[in-house]
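# Fold and geometry: a report
What follows is each chain in one-letter form.
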Amino acid sequence: MTQRRAIAVGVGIPLILLASLLAWGVAQTGGTQGRPGVNDSFGEVSLTVEPDADFELTTIGGDVVSLEQLRGKVVLVDFWSSWCAPCRAEGPILAEAYKEWRDRGVEFVGIAIWDEAGPVEDFIERNGIEYVNGLDNGRIAVDWGVRGIPEKFFVTADGEVVKKIAGPNTEATLSRILEELTDEALGIRTSAAR
Amino acid sequence: MPMRIVPDRFVTTRAIAWLALGVLALTVFAACVQEDDLTPDQRAYTLDRELMCPVCDGQTIDQSHAQIAEDMKRVVREKIAEGESNQEIRDYFVARYGEVVLAAPEASGFNLIIWLMPAVIGGGGALAVFWVLKNMRRNSAQYAATHRETLEDRQLKQYLEKVDSDIGLIQAPGAETGQQAGRKGGSD
């Protein structure tokens, strides 16, 4: 082996290995690093919570609500904040959707995170939101693996968390998901929503 | 009292040995520090530096002021107070945010590559440098040997020429015979 070749091997191979390690690291993060905690674009993401996860949320009214209490209903759990632009855009859509879906066995629960009671109550009132809402005590969002807002979790009537959506819904996307879940609950279609 | 002269090489070797011993002692000491030896605050601070903020650019929750990082710090302290071990707390966050939440991935399975690669790269590089230096040294020794031989040959040639000149077999270079000198002087 010539000297030049030895230098090429000694320097080149470590450099190639380092570059591979860097590429692997970037691939591992999936490009999610660096986002400021607000989900601007809509999309289904992998679940970050056990299927039987639950929470105890103190609502704005002072009651305590949990998924256990809502067993038998399809539940949409929405993590949001009054200062987040996509959440503000989505607020009226959710408020209207709830009025339509509550009679079809669907319950919405809003969990405001990284926020304060005043702005949250103001937002709820301004948008005519009728579903239960409460402020996170700082534990629920982490327990549910929330990375940004808005993020929604969909829970079947059996209490199983089956879907996680990041980013704001439109009326159409929300209806499609809830139809799948309610159809499944009624036995019209099984496993379509999973 | 005569001053003791210590060869430089010996001093260097001894310094390296002491340094290696110090590093080894520190490593052993660090390995012996158990969770139980730390206060809850120290444990929390250690974990804060081991967990990445999921929405920040390469920052641990210790470095980040993002709200999610603040929540995670709070959860770390709650879980320590609830009696969970550091490993249980790490597992809790990995289950929710994936392996990327760990500042240093677990040294097991595929992740072992990450831990071993620096050693492989460093070792490979050191071997390559060693090989190159060894080659350079050999080449330089070969050159010196060849050069020395040539020098000896030249010196031998000069010596033999001098001997031949002294015994009158040949004329010493630069020396002129009396006849030649006289001829030159006459022509002037």
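All values derive from a computational prediction rather than experimental measurement.

Rules used in this analysis
Residues numbered from 1 in each chain as written. Chains lettered and ligands numbered in written order. Predicted model: local features only at pLDDT ≥ 70, side-chain atom pairs only at ≥ 80, totals over all residues. Helix = DSSP H or I, 4+ residues; strand = E, 2+ residues; numbered from the N terminus. Buried ≥ 20, exposed ≤ 12 C-beta atoms within 10 Å, placed from the backbone. Contact = placed C-beta atoms within 7 Å. Nonpolar A, V, L, I, M, F, W, Y, C, P; charged D, E, K, R; others polar. Axes fitted to C-alpha atoms, helices over the stretch in contact; angles between N-to-C directions. Left-handed = near helix turned anticlockwise from the far one by under 90°. Core = buried A, V, L, I, M, F, W, Y, C linked by C-beta atoms within 7 Å. Pairing = 2+ DSSP bridges. pLDDT = per-residue confidence, 0-100. Parallel < 35°, antiparallel > 145°, perpendicular 65-115°, else oblique. Expected span 1.5 Å × (residues − 1). Right-handed = clockwise from strand over helix to strand, strands pointing away.

Here we take up the overall build of chain B. For chain B, the count of helices and strands is six helices and zero strands. Helices and strands in chain B line up, N terminus first, as α-α-α-α-α-α. Looking at chain B as a whole, 12% of its 188 residues qualify as buried.

Within chain A one finds five helices and eight strands. Beginning at the N terminus, the succession of helices and strands in chain A can be written as α-β-β-β-β-α-β-α-β-α-β-β-α. A burial count over chain A gives 39% of its 194 residues as buried. Across chain A, contacts joining residues at least 24 apart in sequence account for 74% of those joining residues at least 6 apart.

The next subject is the interface of chain A and chain B. Residue-level contacts link 27 residues of chain A with 24 residues of chain B. Here the side of chain A that touches chain B takes 12 residues from helix H1 (residues 3-29) of chain A, the largest share from any one element. The class makeup of the residues in the side of chain A that touches chain B is 13 nonpolar, 11 polar and three charged.

Moving on to the environment of Gln 69 of chain A. Looking at the secondary structure, you find Gln 69 of chain A in the loop between strand S3 (64-66) and strand S4 (74-80). Exposure remark for Gln 69 of chain A: the 13 C-beta atoms within 10 Å place this residue in the partly exposed category.

Residue and element names in this part refer to chain A. For the pair helix H2 (residues 85-101) and helix H5 (residues 171-185), interaxial distance at closest approach is 10 Å and the crossing angle is 35°. Taken as a pair, H2 and H5 cross one another with a handedness that is right-handed. Facing Ile 93, Ala 97 and Trp 101 of H2, the residues of H5 in contact are Glu 171, Leu 174 and Leu 178. Within the contact of H2 with H5, the residues separate by chemical class into five nonpolar, no polar and one charged.

What follows concerns the nonpolar core. Residues Ile 111, Ile 113 and Val 155 of chain A together with Met 72 of chain B are the most contacted members of the largest nonpolar core, which totals 60 residues. Sequence-distant contacts of Val 155 of chain A, defined by excluding residues within four places in its chain, comprise Leu 67, Val 74, Val 75, Val 77, Glu 160 and Val 161 of chain A.

Quick look at the sheet that holds strand S7 (residues 151-155) of chain A now. Residue and element names in this part refer to chain A. A sheet is described by the order of its strands in space; here six strands give the open sequence S1-S8-S7-S4-S5-S6, paired in mixed fashion. Two strands lie at the open edges of the sheet, namely strand S1 (43-45) and strand S6 (132-135), each paired on one side alone. With direction set aside, neighbouring strand axes in the sheet form an average angle of 25°. Sheet topology places S7 next to strand S8 (residues 161-166); five bridges connect them, and they run antiparallel. The partner of Phe 153 across the bridge, within S8, is Lys 164.

The next thing to look at is the confidence of the model for chain A. Atomic detail in the predicted coordinates should be set aside for any region of low pLDDT. Across chain A, the average pLDDT comes to 85, with 87% of residues at 70 or higher. A low-confidence stretch, residues 30-35 of chain A (pLDDT under 50), is modelled with five contacts involving residues beyond four sequence positions or located in other chains.

All names here are of chain B. Viewed as axis vectors pointing N to C, helix H2 (residues 40-50) and helix H3 (residues 67-81) meet at an angle of 140°, and their least axial separation amounts to 10 Å. Compared by their axis directions, H2 and H3 come out oblique. Considering how the two elements wind past one another, H2 and H3 form a crossing that is right-handed. Of the residues in H3, those in contact with Pro 40, Arg 43, Ala 44, Leu 47 and Asp 48 of H2 are Lys 73, Val 76, Arg 77, Ile 80 and Ala 81. For the contact of H2 with H3, the class distribution of residues is six nonpolar, no polar and four charged.

Our next topic: unusual backbone geometry. All names here are of chain A. The linkage connecting Ile 149 with the following residue, Pro 150, adopts the cis geometry, with an omega of -5°. Position of Pro 150 among the secondary structure elements: in the loop between helix H4 (140-143) and S7. The phi angle at Trp 114 is positive, at roughly 50°, despite the residue not being glycine. Positionally, Trp 114 belongs in the loop between strand S5 (106-112) and helix H3 (117-126).

A few words now on H3 of chain B. Here H3 of chain B is 15 residues long and its end C-alpha atoms lie 21 Å apart, about the 21 Å a rise of 1.5 Å per residue gives. Among all positions of H3 of chain B, only Ile 68, Ala 69, Asp 71, Met 72, Lys 73, Val 75, Val 76 and Ile 80 of chain B are buried. Those residues of H3 of chain B hidden inside the fold are in contact with H4 of chain A together with H2 and helix H4 (86-97) of chain B. Two residues or fewer after H3 of chain B comes Gly 83 of chain B, characterised by a positive phi angle close to 95°.

Residue and element names in this part refer to chain A. In terms of strand pairing, S5 meets S6 through four bridges, oriented parallel. What sits directly across from Ile 111, in S6, is Gly 134. Crossover S5 to S6 through H3 is right-handed.

Bridge count for S1 of chain A against S8 of chain A is three bridges, and the pairing is antiparallel. Bridge pairing links Val 45 of chain A to Lys 164 of chain A in S8 of chain A.

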